[in-house]
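# Structural features, examined
Chain by chain, the residues:
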There are 2 protein chains.
Amino acid sequence: MAYAGPVRPTDNAAVVWRPVPAGAARITGGPLAARQRNNRTAAIPAGLKQLHEAKNIHNLEVAAGRASGEPIGPIFADSDVHKWLEAAAWEYGREADESLLDDLLALTELLAAAQAEDGYLDSVVQLRHDERYSELHMSHEHYCAGHLIQAAVAYSRTTGRTELLDVARRVADHLVATFGPDRNPALDGHPVIEMALVELYRETGERAYLDLAKHFVDTRGRATITGGREVAYYSDRVPVREATTVEGHSVRAVYLAAGAADVAAETGDAELLAALETQYDSMARQKQYITGGLGSRWDGEAFGDPYELPNDRAYAETCAAIGGVQWAWRMLLATGKASYADQIERMLYNGILSGVSLAGTEYFYVNTLHLRDGFTPDHDRNPGRGRVGWFACACCPPNVMRTFSSLEGYLASTDADGLQLHQYVPGRIEAGELEVSVETEYPWQGTIAVTVDAAPAGETAISLRVPEWADGATLRTIPQAEPGEAQGSSTGSGPEAVAPGGYATVRRSWRPGDRLVLELPIKPRLTRADSRVDADRGCLAIERGPLVYALEQVDQPDGVKIDDLRLDPTGEITEEVRPDLLGGIVVLHARGGVVRHDDSAPPRHDHDHQPDPAAEPVELTAVPYHLWAHRGAEPMRVWIPLL
Amino acid sequence: MAYAGPVRPTDNAAVVWRPVPAGAARITGGPLAARQRNNRTAAIPAGLKQLHEAKNIHNLEVAAGRASGEPIGPIFADSDVHKWLEAAAWEYGREADESLLDDLLALTELLAAAQAEDGYLDSVVQLRHDERYSELHMSHEHYCAGHLIQAAVAYSRTTGRTELLDVARRVADHLVATFGPDRNPALDGHPVIEMALVELYRETGERAYLDLAKHFVDTRGRATITGGREVAYYSDRVPVREATTVEGHSVRAVYLAAGAADVAAETGDAELLAALETQYDSMARQKQYITGGLGSRWDGEAFGDPYELPNDRAYAETCAAIGGVQWAWRMLLATGKASYADQIERMLYNGILSGVSLAGTEYFYVNTLHLRDGFTPDHDRNPGRGRVGWFACACCPPNVMRTFSSLEGYLASTDADGLQLHQYVPGRIEAGELEVSVETEYPWQGTIAVTVDAAPAGETAISLRVPEWADGATLRTIPQAEPGEAQGSSTGSGPEAVAPGGYATVRRSWRPGDRLVLELPIKPRLTRADSRVDADRGCLAIERGPLVYALEQVDQPDGVKIDDLRLDPTGEITEEVRPDLLGGIVVLHARGGVVRHDDSAPPRHDHDHQPDPAAEPVELTAVPYHLWAHRGAEPMRVWIPLL
């Protein structure tokens, strides 16, 4: 069943590629399928239970007149219900299920009952009897509306029904009547409404929604969001089309940018798109962790200054990486540049997967790259407490749920010329008359075999992303043998080198059974940071394929502290396949040393330290970063100082 | 005129040294005298104006029934008035002035009028009609009381009058009647009351004040401060005598520790003192910047984990360094260990002086060690905005004022054996029958000449601190010539080597005119950080004497960015005396290079960077860190990456 995924550009949109409908893509195996399975069977049911227990749903029941009491939880409590609804809607699209639909319908009916006559819907504000929009810098009223709209769009796309869309349209019509040029000029402190309104425009054809989204993008960055934090926090210091970087609260910044990219696509605004390219480039080069993590400051959950990327205090909120994927996907469609697909891979496999346990029901809010020896678990978001089932500010869990539920929407795209494969998973992709299946053990192994199952007449291009790290990648085209012909003979090719950092494209008249085999060189590599990142100076990180690796305390020799370890960059890194560990992984071993500090020596209060004593040889053991803290949350580090 | 300074141990206190009365010490020249002069003539008058404009005094007027209106400002608004009062009181002791006394009396009379019948006094809580102590985790009611008591003790010591002490005693008696064993067990989220109550006990002899301070110290660290942040923030996670390090909000932590040191001294509690030594050692080795700055996190204004010392996001609040001096001074008196005097010097000359402009009227709240190229000035405390006249949370300015006004109290101490000089300034010290004067151009030059002006009969010891950095220090004893004898002949000594990190002591029967000449080797030196400080890896810092140096943008060659500079550690560092610059300083020049990054090159989104291009030779210019941002707040750094 082909239904549109999270982004559906209109026919007039200025994009070079269009998403393959989410329902036309299937992930049939590998670690992402396992994640999706647990998301569906464990996380989403547990999430609904948490929304009841944390009283988010109770608030709506009170607003609907079906219960009594005070509003409970943060002012944006409704948004977590909406994100859960979006996840459930995508999940229904992945596989129809009556009980899932019953939950969707019941919550939709509750939302409709809680909605005010004029379309306004925000249970906490309604129950507090606050003046609407009087505290929009922190009230999250547009933010809640945005998440409701996104849920409704997903619901419409996967069920073909309109109940939730009707609620969302009444909300959106109320916003259109209330905000915009010559009406209330206020902006919500937390973007997301921009993306939501463009998608609602796409779903309904109602131009007013796009116009309002454009208004919100155009008027932001003029220091009008006052009364709370400094304007930089809200991405309100520099107009969107003048900004050259991202700043402030990282989730807000990337949600805004993703919404601006939607506006640029639907209005054909090349200037805005160019500004967003500049901003993305600045983010990726100066303000992003190797894990794809975004936001280096706990204070304000914010982007730092250029190259301010402390590992121990990385914030790298799970939601920020999710927003980063949303932004990158829109940039990929608009520009066709492989770097954005590389970015999605980096964020997905490291910054997002790290945010949720293999079981699917425990979450990190903060995805640090370094937990120090002797850390104090001083905060409910401190990674030293391990992943937890829910948060007082529970934005991340349902955000993970909706991401896994809509993951098929980010795998592939099409244009008039053919199909582009961006992410490699075992599965099947339909793109019009072209149907392909993919076999791979990615990300553990680098062979990606694409088989054509059906093909249109005439030439069609199939493009495979060659990641930027994949020096030495090769591609073979193996036509299905004609009757009586050996496969791969006359018209096929031997392995041909393909350049990393782009797409390898084969254009031909495909026949069922034709195959493409991409070989990516998945082997350990050492990665160097920009020398302006002080926290990484004198260190290297270990990567293998798309995965960043980390040293966890549990894997090192007894009595050896994580922060005393040193890496020998000249040593060979060996691989060990461990099917028994963490769902089946490749463990890496590296040559290194341990520096044994004599902390019992008299203190040197004048801060001048001797060089370290000679390191004793030791073998370092590294596991994929995103799986750390599954065996206790003990000290860990990604960037390893050199011997 | 000899009056007691900020700490006056009782005769029974378990201390090895006792402070020289503040009024018996004089700073007669040098940079600290200039600071004191501007503090008195500019900062203190401007501070009173700010307290009127920010409405702190207005709140008290309303509480006194002399004005009407709502309370304005933070809940701890009274405390800034109290700290100003303390500064003015010490200032009155330094030099009596009728208009200063008039201001003191007028504010005292206002406080008395605002005070409730039962002694309670907190204008904001009174005006809000909050239930007293119902929100003690954040209401700062004990904190305000503590600062009031500290002001009253200063007032009593310098004026010999009781008006303000009477107000404070009524506050303290109310606290004694309300809190303690078998009464209200609650603790204030922000310590300071502990120090204050011990000092009030010292001033009045009322044992109940000491008992209540001991109760607050003994019951802290049992996770009873709930309803706000995590308990670590409040130093309430681990009992004070079990803690092995400092954690949480740095000002709170060091104020608590200083108060605990007072309790330990007055109760003879060796176990508590030992715990505080362990905590101080952990702080100095693992959680303190080279500038003496304390607190590495903006979030929670807190200490970080061990060796978590980012330079760009150093918080290093001015108040925290002030609290650090208060704690170190108490530890010095209790233990006689020179390292605590070294600590005071480091914090004073770097972490505190940096917090206030040479003019005295502009302040840093946050004393960063690194302002990055391309920083966003995103917060009213962001050092990129430069020092400012006042803050919404104005704790630092009056804290600086009271520190300068009481600075003489931290210079010297005595015991039965004689006199100890801890800090070197041109000035005079009286210690009973022993009177000495000091001539020096410290911290610019290392010659410290101590002349005996009067001496008791019999042998007396004079001890001079030899800082831990002062390898190669020497001491000469030069007796006054007998009539007809050449000075320094028979009984004197040539220069003798003295060991750094302790005290050089000369015991003899002193005669007026006898001299001691200490030569400290003040020359540039390169300092290495503990290798576990990730932010400093591959870097060195430049120090000279007690001063930490920094590279400021304004002093580097045109077109060279701070973060592109590299230091050649093998190069000679040369000195340039600049009487014309920043009040007269020694500028340092070092050999180095500049790495010119090609930021226009295509982005490498996969995060793997090439080694830097070869550095071009360049001369680096460094100025004393504490004077940075007097010529604009442009990029700056203390720790310099090596070539």
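Data block above holds the structure.
Heads up: these notes are all about the structure in this document.

### Observations concerning the interface of chain B and chain A
Facing the 67 residues of chain B at the interface are 67 residues of chain A. Both sides of the chain B and chain A interface together cover about 5900 Å² of buried area, and 43% of this is carbon and sulfur. For the interface between chain B and chain A, the tally reads 14 salt bridges. Residue A:Arg297 is joined to B:Asp378 by a salt bridge in which the shortest nitrogen-to-oxygen separation is 2.8 Å. Elements that contribute at least two residues to the side of chain B that touches chain A include exactly helix H12 (270-286), helix H14 (338-352), strand S14 (524-527) and strand S15 (539-544) of chain B.

### Brief notes about the relation of the copies chain B and chain A
Two copies of the chain are present, and they differ by a rotation about an axis and a shift along that axis. Superposing chain B onto chain A takes a rotation of 180 degrees plus a shift of 0.0 Å along the axis, which leaves an RMSD of 0.0 Å. Here the copies are linked by what is in effect a two-fold axis.

### With respect to unusual backbone geometry
For the bond from A:Tyr442 to A:Pro443, the omega torsion is 5 degrees, close enough to zero to count as cis. Along the chain, A:Pro443 falls in the loop between strand S9 (434-440) and strand S10 (447-454). Positive phi outside glycine occurs at A:Glu301, with the angle close to 45 degrees. With respect to the secondary-structure elements, A:Glu301 resides in the loop between helix H12 (270-286) and strand S4 (302-303). By relative accessible area, A:Glu301 is classed as buried at 13%. For B:Ala629, which is not glycine, the phi torsion reads 65 degrees and is therefore positive. Along the chain, B:Ala629 turns up in the loop between strand S20 (616-624) and strand S21 (636-637).

### Re helix H11 (residues 250-267) of chain A
All names here are of chain A. The end-to-end C-alpha separation of H11 is 25 Å, in line with the 26 Å expected for 18 residues at 1.5 Å each. Counting buried positions along H11 yields 17 of 18 residues, so the element is predominantly enclosed. The positive-phi residue at the C-terminal boundary of H11 is Gly268, with phi of around 65 degrees.

### A look at the nonpolar core
By size, the foremost hydrophobic cluster in this structure holds 197 residues, and its most contacted members are B:Trp327 and B:Leu520. With residues near it in sequence (within four places) discarded, B:Leu520 still touches B:Tyr424, B:Tyr442, B:Gly446, B:Ile448, B:Val466, B:Pro467, B:Trp469, B:Ala470 and B:Ala473.

### Structural notes on the side chain of B:His609
Of note, B:His609 is situated in the loop between strand S19 (585-594) and S20. In this structure, B:His609 is in contact with A:Arg528, A:Ala529 and A:Asp530, ignoring residues within four places of it in sequence.

### Brief notes about the environment of B:Phe76
Residues and elements named next belong to chain B. Tracing the backbone shows Phe76 in the loop between helix H2 (56-63) and helix H3 (77-94). For the pair Phe76 and Asp166, spaced 90 residues apart in the sequence, the C-alpha separation amounts to 21 Å. Each residue touching Phe76, except ones within four places of it in the same chain, is listed here: His140, Tyr143, Cys144 and Cys393.

### Points about helix H9 (residues 193-204) of chain B
The periodicity of an α-helix, 3.6 residues per turn, causes residues three or four positions apart to be oriented the same way. Residue and element names in this part refer to chain B. Given a rise of 1.5 Å per residue, twelve residues ought to cover 16 Å, and the 16 Å separating the end C-alpha atoms of H9 matches this to within 8%. In terms of burial, H9 is largely enclosed, as eleven of its twelve residues are buried. Where H9 is concerned, the buried positions are Ile193, Glu194, Met195, Ala196, Leu197, Val198, Glu199, Leu200, Tyr201, Arg202 and Glu203. Looking at the packing, one finds that the buried side of H9 touches helix H7 (141-159), helix H8 (163-178), helix H10 (207-219), helix H11 (250-267) and helix H13 (318-335). Positive phi shows up at Gly205, right after H9, with a value of about 80 degrees.

### So, the packing of aromatic side chains
Residue and element names in this part refer to chain A. This model, assessed by the stated rule, comprises 30 aromatic pairs over all chains. With a centroid separation of 5.5 Å and an interplanar angle of 20 degrees, the aromatic rings of Phe364 and Trp628 are classed as stacked. Residue Phe364 is located in the loop between helix H14 (338-352) and strand S5 (370-371), and its partner Trp628 is located in the loop between strand S22 (616-624) and strand S23 (636-637); the two are separated by 264 residues in the primary sequence. The rings of Tyr120, Tyr133, Phe179 and Phe216 are connected pair by pair, giving a single aromatic cluster. Over the face of the ring belonging to Tyr365 we find Arg381, whose NZ or CZ atom lies 4.1 Å from the ring centre.

### What about the sheet that holds strand S12 (residues 502-509) of chain B?
Residues and elements named next belong to chain B. Ordered in space as S1-S4-S5-S9-S12, the five strands form an open sheet in which the pairing is mixed. In the strand order of this sheet, the two ends are held by strand S1 (18-19) and S12, each with one partner. Where S1 meets strand S4 (residues 412-415), two bridges bridge the pair, whose relative direction is antiparallel. If you follow Pro19 over to S4, its bridge partner there is Ser413.

### With respect to the pairing of strand S16 (residues 547-552) of chain B
Across a regular strand the side chains alternate sides, sitting on one face of the sheet and then on the other. All names here are of chain B. The element S16 is extensively covered by neighbouring structure, given that six of its six residues are classed as buried. With burial as the criterion, each face of S16 is covered, one bearing Leu547, Tyr549 and Leu551 and the other bearing Val548, Ala550 and Glu552. The pairing of S15 with S16 spans two bridges and is antiparallel. What sits directly across from Arg544, in S16, is Leu547. With antiparallel pairing between neighbouring strands as the criterion, S15 and S16 make up a hairpin whose turn holds two residues, including Gly545 at a positive phi of roughly 60 degrees. In terms of strand pairing, S16 meets S20 through three bridges, oriented antiparallel. Residue Ala550 lies in a different strand from S20, and its bridge partner there is Val623. Pairing analysis gives two bridges linking S16 to S21, with the strands arranged antiparallel. What sits directly across from Leu551, in S21, is Arg637.

Reading the values: the criteria
- Residues numbered from 1 in each chain as written.
- Chains lettered and ligands numbered in written order.
- Predicted model: local features only at pLDDT ≥ 70, side-chain atom pairs only at ≥ 80, totals over all residues.
- Heavy atoms only, no water.
- Contact = heavy atoms within 4.5 Å.
- Buried area = accessible area lost by both parts, 1.4 Å probe.
- Salt bridge = Lys/Arg side-chain N within 4 Å of Asp/Glu carboxyl O.
- Helix = DSSP H or I, 4+ residues; strand = E, 2+ residues; numbered from the N terminus.
- Least-squares fit on C-alpha atoms with pLDDT ≥ 70 in both.
- Buried < 20%, exposed > 50% of the residue type's maximum accessible area, 1.4 Å probe, protein only.
- Expected span 1.5 Å × (residues − 1).
- Core = buried A, V, L, I, M, F, W, Y, C linked by side-chain atoms within 4.5 Å.
- Phe/Tyr/Trp six-rings, centres within 6.5 Å; stacked < 30°, edge-to-face > 60°.
- Lys NZ or Arg CZ within 6 Å of the ring centre and 35° of its normal.
- Pairing = 2+ DSSP bridges.

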